[in-house]
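Close look at the chain arrangement
This is what each chain is made of:
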Amino acid sequence: MSITELGAEQMHELPTKMIETWATNDGAAFSELFTEDATLILPNDIFLRGRDGIRGFMTQAFAGPYQGTRVFGEPLDARYLGEEAAVIVTQGGVLAPGDTAVAPERAIRATWVLARQDGRWLIAAYQNTPIGA
């Protein structure tokens, strides 16, 4: 199977979809980028399991500390692990209202483990680490 048949374009669009979805501050829409059994690991000891857990956390976060924020990320590396799995590594971070660039204290690198389900690439696991950590 060729990379085109595996949906390479859709796989590489996931970081852009996350940026776009975050900008809506919609926890339900954000969680739809993830598999039903996904994990999401963020700084400050945040460990979420499942789309419902991600939805709940992000809905509260968008109503609180993430309200009005945006994210930025650009791929540093991407590779297939097989026909149904891939890994993307990105660098970016959270943009506070009015920011035009990621502040050094909010810069991160992230690892995305992707799974192809029903012909669609979704995030099975996401973890980010502050670059300064």
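Residues numbered from 1 in each chain as written. Predicted model: local features only at pLDDT ≥ 70, side-chain atom pairs only at ≥ 80, totals over all residues. Heavy atoms only, no water.

**So, the UniProt feature "domain: SnoaL-like" (unreviewed entry) in the chain**
- According to UniProt, the feature "domain: SnoaL-like" (unreviewed entry) maps to residues 16–127 in the numbering used here.
- With 24% helix and 48% strand, the stretch residues 16–127 has end C-alpha atoms that lie 17 Å from each other. (UniProt positions renumbered as here; feature names shortened; annotations may be inferred. Helix = DSSP H or I, 4+ residues; strand = E, 2+ residues; numbered from the N terminus.)

**Overview of the nonpolar core**
- Counting residues in hydrophobic clusters, the biggest one holds 26 residues, and the most contacted among them are Phe34, Trp112, Ile123 and Tyr126.
- Residue assignment for this core shows that the elements contributing at least two residues are helix H1 (8–23), strand S1 (34–42), strand S2 (46–49), helix H3 (50–63), strand S4 (85–95), strand S5 (107–117) and strand S6 (120–130).
- Among all residues touching Ile123, those that are not within four sequence positions of it are Leu14, Met18, Leu33, Phe34, Thr35, Ala38, Trp112, Val113 and Leu114. (Core = buried A, V, L, I, M, F, W, Y, C linked by side-chain atoms within 4.5 Å. Buried < 20%, exposed > 50% of the residue type's maximum accessible area, 1.4 Å probe, protein only. Contact = heavy atoms within 4.5 Å.)

**As for unusual backbone geometry**
- Backbone geometry places Asn44, a non-glycine residue, at a positive phi of 70°.
- Mapped onto the elements of the fold, Asn44 is located in the loop between S1 and S2.
- With a phi close to 55°, Asp118 is a non-glycine residue in the positive phi region.
- If you trace the backbone, Asp118 turns up in the loop between S5 and S6.

**Points about the pattern of salt bridges**
- With the rule as written, the count across this model stands at eight salt bridges.
- One salt bridge connects Arg55 with Asp52, and the closest N-O pair in it is separated by 2.6 Å. Here the residue Arg55 and the residue Asp52 both occupy positions in helix H3, the gap between them amounting to three residues, near one helical turn.
- Look at Arg55 and you get partly exposed, because its relative accessible area is 25%.
- For the salt bridge of Arg106 with Glu105, the shortest nitrogen-to-oxygen distance reads 3.7 Å.
- Judged by its relative accessible area of 60%, Glu105 falls in the exposed class.
- Linked through salt bridges whose partners overlap, the residues forming this network are Glu32, Glu36, Arg51, Asp52 and Arg55. (Salt bridge = Lys/Arg side-chain N within 4 Å of Asp/Glu carboxyl O.)

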